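Close look at the chain arrangement
So the chains spell out like this:
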Amino acid sequence: MEKQELLRKVGHMSQVADVKEISFEEGRAAGMKGWQVKNGPLQFTIMKDKCLDLAEVNYKGIQMNFLSKPGLQGRNHYDTNGNEAQRSIMGGMMFTCGLENICAPYESGKAYPMHGRIRTTPAEHTGAEAVWKEDAYEISVHGEMREAELFGENLLMKRKITTTYPGKQIVVEDTIENQGFREEPAMLLYHFNVGYPLLDEGARIILPTKKVIPRDEAAAPYVETYDVMEAPKDCEPEYVFLHELAADEEGNTFAAVINEKLGLGIRLEFNKKNLPYFMQWKSLASGDYVVGLEPANSSVYGRGYHEERGDLHKIQPFATETRKLTITILEKDELEETVKIAEKLVKFYKE
C-alpha cells in the first residue's frame, strides 16, 4: 500500500506499526528496559540491558520463541561463575554469545564464563526511530555494547535491528571493532531459540545440511531424527548436532523451523563466509522443550578446543568485522518453498 493510501486509513501510524520504550517492574526483570516493536501482526521485544537481544517474538498471536525457566532477567552476580550462568540464560528468540568465549566454561589462567559476557552486557548510546522511506515505514533500534577490562580487551559491538512495514522480517546488523592495541579473540555465536507453540510434536527443522555430526554419546543415537521434533520426555538429556551447511555462491545459507499444522514457520538467514560453524541444539526435556539454531564463527567445543588447534578466531587492533542476520516469518506456501530451497542448495553443493 502506498504511503498516502495508508494514511487515509489510520489516524496515527502506531495503529499498525510502532516502537515504544518499555521498562519491567517485577521479579528478576525489575529495572530492565527495552523496546516493544509492532510491525502489523509481527511483534517483538528488544532488551536494552541484554545486548539488544530479542526476547519475545510473536506473529498473529503465536509465540515463536523459547523462554527458559528462570524467565526474563538482567545481569546477575552469578552470570560469570562457571555453570551458574545457566541460571541467567533466559533463552528468548536470540541471545548473543561471546566475545572471549562461547559454549562451556573454560579456565586457562583466567575464567571464561559459559557463553561469554556479551550476552548480559547492557547497551549504551541507544536510540530508536520510525521513518518513512518512500512507501515503506522503517522501524529501527540501535546501540552499542562494550566488552572491556583494565589491562585487557577493548571490544565494541554496534548493533542495529530493523523491521519494515509492511513485512515479516527482522534484520540484525552487527559490527565488532577492536579498539585496543593488540589482537584479541572475538568468538561469536548467535543462539536462536524456537519454542512452543510454533515448536511442537511434528514440527520440522529445515537445514541445507551436507553432513551431521553428534556432539557426544547422548546425541549419537538420534542423528537420523535431528530434523523432526518429538513430544516432550521427562528428564531427557539435550542433544547437540554439528552441521556442515551448503550455501550459494555468495555464501548465503539458512536454518528454519516449520510447523505445518499451524501453517507457520521461522527462518534465520546468514552468511557462511563469516559464520562458518553451525550447531543445532535439540532438547525434548519436559520444561526445557526447545530447538536452538546456532550460526557461529567458532565451534561448540569452545575456546579451549580452538586454543589447542591454534585457530582461535581473533581480530586485529582497530579492525572491524560485520555480520547480518535476517529473520523471516513463513506462512502457507512459503513453508514448502523453504524445504525446496534447502534441497536446491544441497544439490548445488553436490554438483
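Thresholds applied
Residues numbered from 1 in each chain as written. Predicted model: local features only at pLDDT ≥ 70, side-chain atom pairs only at ≥ 80, totals over all residues. Heavy atoms only, no water. Helix = DSSP H or I, 4+ residues; strand = E, 2+ residues; numbered from the N terminus. Rg over C-alpha atoms; globule rule 2.2 N^0.38 Å. Buried < 20%, exposed > 50% of the residue type's maximum accessible area, 1.4 Å probe, protein only. Areas by Shrake-Rupley, 256 points an atom, 1.4 Å probe, with all protein chains shown as cover. Lys, Arg positive; Asp, Glu negative; His and termini not counted. Charge placed at Lys NZ, Arg CZ, Asp CG, Glu CD. Pairing = 2+ DSSP bridges. Phe/Tyr/Trp six-rings, centres within 6.5 Å; stacked < 30°, edge-to-face > 60°. Lys NZ or Arg CZ within 6 Å of the ring centre and 35° of its normal. Axes fitted to C-alpha atoms, helices over the stretch in contact; angles between N-to-C directions. Polar contact = N/O pair within 3.5 Å; in protein donor to acceptor, adjacent residues only side chain to side chain. Contact = heavy atoms within 4.5 Å. Salt bridge = Lys/Arg side-chain N within 4 Å of Asp/Glu carboxyl O. Patch = residues over 30% accessible without salt bridge, like charges linked within 9 Å, V, L, I, M, F, W, Y side chains within 5 Å.

A word on the overall build of the protein chain. Of regular secondary structure, the protein chain possesses 3 helices and 25 strands. Taken over C-alpha atoms, the radius of gyration comes to 20 Å for the protein chain, in line with the 20 Å a tight globule of 351 residues would show. Its C-alpha atoms give the protein chain principal-axis dimensions of about 65 × 45 × 45 Å. Classification of the 351 residues of the protein chain by burial places 52% in the buried group. Accessible surface, the protein chain: about 16,100 Å² in total, of which carbon and sulfur atoms supply 48%. Of the side chains in the protein chain, 43 bear a positive and 56 a negative charge, and the two mean positions are spaced by 2 Å.

Let us now look at the pairing of strand β16 (residues 187-194). Within β16, 8 of the 8 residues are buried, which leaves it mostly tucked inside the rest of the structure. Alternating residues of β16 divide into M187, L189, H191 and N193 and L188, Y190, F192 and V194, and every residue in both groups is buried. Note that strand β8 (residues 94-99) and β16 share 6 bridges and pair antiparallel. Note that in β16 the partner of T96 across the bridge is Y190. Two strands pair when backbone bridges link them, and β16 and strand β23 (residues 290-296) are joined in this way by 4 bridges, in the antiparallel orientation. Along β23, the bridge assignment pairs N193 with G292.

Turning to the packing of aromatic side chains, a few remarks are in order. Under the definition given, this model contains 8 aromatic pairs. Seen in terms of ring centroids, W132 and Y137 are 5.1 Å apart; in terms of plane orientation they differ by 55°. Their pairing is tilted. The exposure class assigned to W132 is partly exposed, which follows from its relative accessible area of 23%. A network of ring pairs unites the aromatic residues Y222, Y239 and F241 as a single cluster. Sitting over the face of the ring of Y112, R303 holds its NZ or CZ atom 4.0 Å from the ring centroid.

In this section: the sheet that holds strand β13 (residues 154-165). Here 8 strands make up an open sheet; going across it, the order is β11-β12-β13-β14-β25-β21-β20-β17 and the pairing antiparallel. One side of each edge strand has no neighbouring strand; the edge strands of this open sheet are β11 (124-133) and β17 (204-206). Across the sheet, the axes of successive neighbouring strands diverge by a mean angle of 15°, strand direction being ignored. Inspection of the sheet shows β17 paired to strand β20 (residues 252-259) by 3 bridges, in the antiparallel sense. Bridge pairing in β20 links R204 to I258.

This part takes up the side chain of N297. Counting through the fold element by element, N297 comes out in the loop between β23 and α2 (302-309). A distance of 2.8 Å separates a polar atom in the side chain of N297 from the backbone oxygen of A186. A polar contact is formed between the side chain of N297 and the side chain of S298, at a distance of 2.9 Å. Sequence-distant contacts of N297, that is, excluding residues within four places in its chain, are made with A186, M187, L188, N274, L275, P276, Y277, H313 and R323.

Evaluated as defined, the whole model comprises 25 salt bridges. Of the charged contacts in the structure, one is a salt bridge between R117 and E100, with a shortest N-O distance of 3.2 Å. Here R117 is found in the loop between β10 (111-112) and β11, whereas its partner E100 is found in the loop between β8 and β9 (106-107), with 17 residues between them in sequence. The partner of R215 in a salt bridge is D216, with the nearest N and O atoms 3.2 Å apart. Overall, the relative accessible area of 27% leaves R215 in the partly exposed class. The network of salt bridges with common partners includes E100, K110, R117, E149 and E153.

On to a negative patch on the surface. Together, D333, E336, E337 and E343 make up a negatively charged patch on the protein surface. Along the chain, the position of D333 falls in helix α3 (residues 333-350).

Position of K50 among the secondary structure elements: in the loop between β3 (42-47) and β4 (53-59). Excluding residues that lie within four positions of it along the chain, K50 makes contacts with M32, Q73, G74, S88, M90, R119, T120 and T121.

This brings us to α2. Of the positions making up α2, those classed as buried are G302, R303, G304 and H306. Here the buried face of α2 lies against β9, β10, β15 (184-185), β16 and β22 (277-283). Of the residues trailing α2, G310 is marked for its positive phi of about 75°.

Right, let's get into unusual backbone geometry. Only a minority of non-glycine residues have a phi that is not negative, and only a minority of peptide bonds are not trans. Following G98, the chain continues to L99 via a peptide bond in cis, the omega torsion being 0°. Take L99: it is sitting in strand β8. Here Y165 and P166 are connected by a cis peptide whose omega angle stands at -5°. Of note, P166 is situated in the loop between β13 and β14 (169-178). In this structure, C103 is a non-glycine residue whose phi angle is positive, near 70°. Inspection of the secondary structure assignment puts C103 in the loop between β8 and β9. You can call C103 buried: its relative accessible area is 7%. Residues other than glycine seldom take positive phi values, yet C235 does so here, at roughly 60°. Counting through the fold element by element, C235 comes out in the loop between β18 (209-214) and β19 (239-245).

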